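# Structural description and commentary
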Amino acid sequence: MHTLLHEDVTTPVAPSLRRRAALVAAGVLSCALPTVFALNLSRMLLVGELSGHRFHQLTGQGLLLVLLWFAGLVPLLRAGWSGRRPSTAAGLLHLTFVGVGLAGSVAAPGGGAPILTGLIAATGAVVWAALPVRPRLRTGLRIDPVLAPLALLMAALQTPYVVGQVALQNGATGHHAQNPHFFDMAWLVMVVVVLAVLAACVPVARRLSLWSAAVATGAGAAGLALGESLPWSLPTLVLGVLTAFAALPLASWLERRSAAASAL
């Protein structure tokens with residue numbers, strides 16, 4: 001996560017002991033639930049529990065969603081501990097994860113989704129309150145000529161999928177009504193789309209394209225391997241790979257620029 005969402009290059013000011021104690025408390029509160037989820041999901045995958053739901057255990061209601069959960073928290077906590085300002089990309093990633101989850105729980109409120117997303121938002125707010133310096137969210141816009149078309153293709157592919165998953169969740173009965181796999185898939189995929197759009201539009205958030213690419217590639221590959229819809233899985237995988245190829249040279253250039261700025 002340090003490579004993809006490193007902190008802004010600023011002179012750090014060591015936080016006070018009280019501030020660091022608050023950060024530790026906020027980190028424990030915010031990271032406890034995703035840690036439990038990650039351990040339980042890993043156990044289920046290893047022992048084959050509910051093997052018919054392996055796709056969801058890996059993706060929407062699974063490890064990819066938990067990865068994004070941590071990806072939004074850990075850079076904020078690391079930067080706060082060192083006294084640095086978290087990067088704009090880190091702040092946008094966390095806000096995207098929380099905001100999309102809250103919006104999705106309004107559209108598909110079954111299965112306890114509003115409780116979960118409300119808890120995530122509340123513990124995330126505690127992290128932001130504990131930060132000695134918060135991310136800068138006011139920033140300029142400039143469209144990237146390569147990432148923008150890929151982001152538009154991703155949005156065109158995934159928007160009908162998200163709408164369909166929300167409809168399935170709202171119409172679900174029995175197990176799926178109480179265990180909202182469809183809501184979680186809509187959440188995961190919409191985060192991928194929003195991150196792709198942000199990366200294409202916000203120069204200081206270009207690295208978010210790597211998260212979008214990684215999750216799309218993982219979800220598409222899991223869908224192909226586990227027999228999910230081919231018309232969704234294959235294009236998702238291809239767009240994820242193309243976005244990664246477009247984003248990696250850009251990320252390398254940004255790393256060199258950051259290193260040069262640190263040397264000044």
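What comes next concerns the included structure. (Residues numbered from 1 in each chain as written. Predicted model: local features only at pLDDT ≥ 70, side-chain atom pairs only at ≥ 80, totals over all residues. Heavy atoms only, no water.)

### Details of the packing of aromatic side chains
Evaluated as defined, the whole model comprises 6 aromatic pairs. One aromatic cluster in this structure is built from Phe-37, Trp-69, Phe-97, Phe-183 and Trp-187. Sitting over the ring of Trp-81, Arg-20 keeps its end group 4.5 Å from the ring centre. (Phe/Tyr/Trp six-rings, centres within 6.5 Å; stacked < 30°, edge-to-face > 60°. Lys NZ or Arg CZ within 6 Å of the ring centre and 35° of its normal.)

### Looking at the nonpolar core
In this structure, Leu-68, Phe-97, Trp-187 and Leu-208 are the most contacted members of the largest nonpolar core, which totals 60 residues. Elements with a minimum of two residues in this core: helix 1 (17-47), helix 3 (63-82), helix 4 (88-107), helix 5 (113-130), helix 6 (147-170), helix 8 (181-201), helix 9 (208-225) and helix 10 (230-263). The element contributing the most residues to this core is helix 8, with 12 residues. Once residues within four sequence positions are removed from consideration, Leu-68 is found in contact with Leu-93, Phe-97, Leu-188, Val-191, Leu-195, Trp-211 and Val-215. (Core = buried A, V, L, I, M, F, W, Y, C linked by side-chain atoms within 4.5 Å. Buried < 20%, exposed > 50% of the residue type's maximum accessible area, 1.4 Å probe, protein only. Helix = DSSP H or I, 4+ residues; strand = E, 2+ residues; numbered from the N terminus. Contact = heavy atoms within 4.5 Å.)

### As for the packing of helix 3 against helix 9
The N-to-C vectors of helix 3 and helix 9 enclose an angle of 165°; their axes lie 10 Å apart at closest approach. Between helix 3 and helix 9, the crossing angle belongs to the class labelled roughly antiparallel. Handedness of the helix 3/helix 9 crossing: right-handed. The segment helix 3 lies against helix 9, with Leu-64, Leu-67, Leu-68 and Ala-71 engaging Trp-211, Val-215, Gly-218 and Ala-219. Of the residues contributing to the contact of helix 3 with helix 9, the split by class is 7 nonpolar, 1 polar and no charged. (Axes fitted to C-alpha atoms, helices over the stretch in contact; angles between N-to-C directions. Parallel < 35°, antiparallel > 145°, perpendicular 65-115°, else oblique. Left-handed = near helix turned anticlockwise from the far one by under 90°. Nonpolar A, V, L, I, M, F, W, Y, C, P; charged D, E, K, R; others polar.)

### Examining helix 6
Residue pairs spaced three or four apart in an α-helix point in one direction, given the helix's 3.6 residues per turn. With 24 residues, helix 6 should reach 34 Å at 1.5 Å per residue; the first-to-last C-alpha distance of 33 Å fits that figure. When the local axis directions of helix 6 are compared, the greatest deviation, roughly 30°, occurs at Gln-158, which is followed within four positions by the proline Pro-160. (Expected span 1.5 Å × (residues − 1). Bend = angle between axes of the 7 residues up to and from the residue.)

### Some points on empty space enclosed by the protein
Evaluation of the coordinates by the stated rule reveals 3 cavities of 30 Å³ or more. In this structure, the largest cavity occupies an estimated 50 Å³ of space. Along its surface, the largest cavity is lined by Leu-147, Leu-150, Ala-151, Met-154, Ala-196, Ser-209 and Thr-243. Among the elements that take part in the lining of the largest cavity, helix 6 stands out by supplying 4 residues, more than any other. Along the lines of polarity and charge, the residues of the lining of the largest cavity split into 5 nonpolar, 2 polar and no charged. Of the volumes computed, that of the second largest cavity is approximately 40 Å³. If you trace the second largest cavity, you find it lined by Met-154, Gln-158, Leu-188, Val-189, Val-192, Ala-219, Trp-232 and Thr-236. If you list the elements that add at least two residues to the lining of the second largest cavity, you get helix 6, helix 8 and helix 10. (1 Å grid on protein atoms, 1.4 Å probe; cavity = no way out; pocket = protein on both sides within 12 Å on 5 of 7 lines; lining within 4 Å. Points joined across faces, edges and corners; volume = space filled by probe spheres on them.)

### Details of helix 4
Here helix 4 is 20 residues long and its end C-alpha atoms lie 28 Å apart, about the 28 Å a rise of 1.5 Å per residue gives. In terms of burial, helix 4 is a largely internal element, 14 of the 20 residues being buried.

### Description of a nonpolar patch on the surface
Taken together, the side chains of Leu-224, Leu-230, Leu-234, Val-238 and Leu-242 define a hydrophobic patch exposed on the protein surface, amounting to about 410 Å² of accessible area. Per-element accounting of the nonpolar patch gives the leading share, 4 residues, to helix 10. Checked against the element boundaries, Leu-230 lands in helix 10. (Patch = residues over 30% accessible without salt bridge, like charges linked within 9 Å, V, L, I, M, F, W, Y side chains within 5 Å. Areas by Shrake-Rupley, 256 points an atom, 1.4 Å probe, with all protein chains shown as cover. Salt bridge = Lys/Arg side-chain N within 4 Å of Asp/Glu carboxyl O.)

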